[in-house]
Amino acid sequence: MADITNIIDDRTTQSTIALKLLFGTTSGKTLSVTINNPKETVTSADINEAIASLVATSYFKASGYGAINENLGAQLVVNSVSDVNIITP
């Protein structure tokens, strides 16, 4: 087996955070809305309040999905990508 420990120089890591809101719709489908880079200070109470407001007003309507009518939850999605610089021997 080859030893690759000597070919890695350094890494640059980039992270992104997104808040994904999940809704049930009048057609029985699930609709998701993604908010990139949400405020770091956002709380579960803030998220629940926003979702409740969106559901109460049927704010989102998508073709083939109908209006949103149910809170299915929320997810905080963290994505990290590391670039690896490789040195040619």
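Residues numbered from 1 in each chain as written. Predicted model: local features only at pLDDT ≥ 70, side-chain atom pairs only at ≥ 80, totals over all residues. Heavy atoms only, no water.

**Focus on the packing of aromatic side chains**
Phase 1: In this structure the tally under the stated criterion is 0 aromatic pairs.
Phase 2: The aromatic ring of Tyr65 is capped on one face by Lys29, whose charged end is 5.3 Å from the ring centroid. (Phe/Tyr/Trp six-rings, centres within 6.5 Å; stacked < 30°, edge-to-face > 60°. Lys NZ or Arg CZ within 6 Å of the ring centre and 35° of its normal.)

**Digging into the nonpolar core**
Phase 1: Ranked by size, the top nonpolar core spans 10 residues in total: Leu19, Leu21, Phe23, Leu31, Val33, Ile47, Ile51, Leu54, Val55 and Ile68.
Phase 2: At 4 residues, the largest contribution of residues to this core is made by helix H1 (residues 44-56).
Phase 3: Setting aside its immediate chain neighbours within four residues, Val55 contacts Phe23, Ile68, Asn69, Glu70 and Asn71. (Core = buried A, V, L, I, M, F, W, Y, C linked by side-chain atoms within 4.5 Å. Buried < 20%, exposed > 50% of the residue type's maximum accessible area, 1.4 Å probe, protein only. Helix = DSSP H or I, 4+ residues; strand = E, 2+ residues; numbered from the N terminus. Contact = heavy atoms within 4.5 Å.)

**Let's talk about the environment of Tyr65**
Phase 1: By secondary structure assignment, the location of Tyr65 is in the loop between strand E3 (61-62) and strand E4 (66-86).
Phase 2: For Tyr65 and Thr25, which are 40 residues apart along the polypeptide, the C-alpha to C-alpha distance reads 6.1 Å.
Phase 3: Apart from residues lying up to four places away in sequence, Tyr65 is in contact with Thr25, Thr26, Ser27, Lys29, Thr30 and Leu31.

**Describing the side chain of Thr25**
Phase 1: Counting through the fold element by element, Thr25 comes out in strand E1 (residues 8-25).
Phase 2: Judged by its relative accessible area of 5%, Thr25 is buried.
Phase 3: Apart from residues lying up to four places away in sequence, Thr25 is in contact with Leu31, Tyr65, Gly66, Ala67, Ile68 and Asn69.

**Some thoughts on the pairing of E4**
Phase 1: Alignment of E3 against E4, held across 2 bridges, turns out to be antiparallel. Looking at the pairing, Ala62 lines up with Gly66 of E4.
Phase 2: Following E3, the chain reverses through 3 residues before pairing antiparallel with E4; Gly64 in that reversal takes a positive phi of roughly 85°. (Pairing = 2+ DSSP bridges.)

**Overview of unusual backbone geometry**
Phase 1: A positive phi angle is found at Asn37, which is not glycine, with a value near 50°.
Phase 2: With respect to the helices, strands and loops of the structure, Asn37 is situated in the loop between strand E2 (30-36) and H1.
Phase 3: Overall, the relative accessible area of 61% leaves Asn37 in the exposed class.

**A look at H1**
Phase 1: Here H1 spans 18 Å end to end across 13 residues, near enough to the 18 Å set by a 1.5 Å rise per residue.
Phase 2: Within H1, burial applies to Ile47, Ile51, Leu54 and Val55. Angularly, the buried residues of H1 cover 95° about the axis, an arc narrow enough to put them on a single face. Exposed residues pointing more than 90 degrees away from the buried face of H1 are listed as Ala45, Glu49 and Ala56.
Phase 3: Following H1 by one or two positions, Ser58 adopts a phi angle in the positive range, close to 45°. (Expected span 1.5 Å × (residues − 1). Arc of directions from axis to C-beta.)

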